[in-house]
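Listed below, chain by chain, are the residues.
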Amino acid sequence: AQSVTQLDSQVPVFEEAPVELRCNYSSSVSVYLFWYVQYPNQGLQLLLKYLSGSTLVKGINGFEAEFNKSQTSFHLRKPSVHISDTAEYFCAVSGYGSGNTGKLIFGQGTTLQVKP
Amino acid sequence: KAGVTQTPRYLIKTRGQQVTLSCSPISGHRSVSWYQQTPGQGLQFLFEYFSETQRNKGNFPGRFSGRQFSNSRSEMNVSTLELGDSALYLCASSLAGGATEAFFGQGTRLTVV
């Protein structure tokens, strides 16, 4: 079984400042890792994903994340945020194996509030 | 290329009724997954269908069911609605499930009164 913990429920930050949204996971099997963003009254949009290879993953809108296997973390970062980045961010995992196909386990979400 | 389409966008139902939600995946995608999103429980996996077969199921009561048609369109049904079923129901389509990118629809907002 897998679980995901997003360590901050809300992160306020000023425009053009850097931000880090923290995510830890636990799993008895190897996992794929994802970050999604959700704007009000919308579905989820994939920001980036880690499947294998380089532990630094770059995504859309200037976001990147680093997979740390020893710390079971997958933190999301952006060097300079914009007002338009205000949204809910979800970290998710999907385990390897036939019993996990099509199944994403999500964290509780982090609300990023970008202030002018 | 059309995205994932969920209908209807909004629904209001009475306790005890049943409801059917529809999801049309991206053309060529064969996997459809359903999720329930509530403020208290967050995003929870309901089930996944691939080529008309349920491949995976979350921990929801039997009142929640689904199916997938030969054109990959999927429906989910909730019978004997309870107030706690009020939620945003999201479906996601992907080529084959697993690590392949999942594209989400805008969701159906169900309110049970």
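For the structure itself, consult the block above.
Quantities reported herein were computed from a predicted structural model and do not represent experimental measurements.

Conventions adopted
Residues numbered from 1 in each chain as written. Chains lettered and ligands numbered in written order. Predicted model: local features only at pLDDT ≥ 70, side-chain atom pairs only at ≥ 80, totals over all residues. Heavy atoms only, no water. Core = buried A, V, L, I, M, F, W, Y, C linked by side-chain atoms within 4.5 Å. Buried < 20%, exposed > 50% of the residue type's maximum accessible area, 1.4 Å probe, protein only. Helix = DSSP H or I, 4+ residues; strand = E, 2+ residues; numbered from the N terminus. Polar contact = N/O pair within 3.5 Å; in protein donor to acceptor, adjacent residues only side chain to side chain. Contact = heavy atoms within 4.5 Å. Disulfide = S-S within 2.5 Å.

A. Spotlight on the nonpolar core. Membership of the largest hydrophobic core comes to 27 residues, with the highest contact counts inside it found for Leu33, Trp35, Leu47, Leu48, Phe74, Leu76 and Tyr89 of chain A. Ranked by size, the runner-up nonpolar core spans 21 residues in total, among them Phe47, Phe64, Ala87 and Val112 of chain B.

B. Structural detail: the side chain of Gln38 of chain A. Residues and elements named next belong to chain A. Counting through the fold element by element, Gln38 comes out in strand S5 (residues 31–38). Since its relative accessible area comes to 9%, Gln38 is described here as buried. A polar side-chain atom of Gln38 sits 2.9 Å from the main-chain carbonyl oxygen of Gln42.

C. Summary view of the environment of Thr72 of chain A. Residues and elements named next belong to chain A. Residue placement: Thr72 occurs in the loop between strand S8 (64–68) and strand S9 (73–78). Note: C-alpha distance between Thr72 and Val4 (68 residues apart in sequence) is 9.9 Å. If we ignore the near neighbours within four places in the chain, the residues touching Thr72 are Cys23, Asn24 and Tyr25.

D. Quick look at the state of the cysteines. Counted according to the given criterion, the structure contains two disulfides over all chains. Covalent S-S linkage joins Cys23 of chain A and Cys91 of chain A, the inter-sulfur distance amounting to 2.0 Å. Between Cys23 of chain A and Cys91 of chain A, the S-S dihedral sits near -65°, and the bridge is therefore left-handed. With Cys23 of chain A in strand S4 (residues 23–27) and Cys91 of chain A in strand S10 (residues 87–95), this residue pair connects regions lying 68 residues apart in the sequence. On the basis of relative accessible area, Cys23 of chain A is assigned to the buried category, the value being 0%. Overall, the relative accessible area of 0% leaves Cys91 of chain A in the buried class. Disulfide pairing places Cys23 of chain B opposite Cys91 of chain B at an S-S distance of 1.8 Å. The S-S bond linking Cys23 of chain B to Cys91 of chain B shows a torsion near 60°; that makes this disulfide right-handed.

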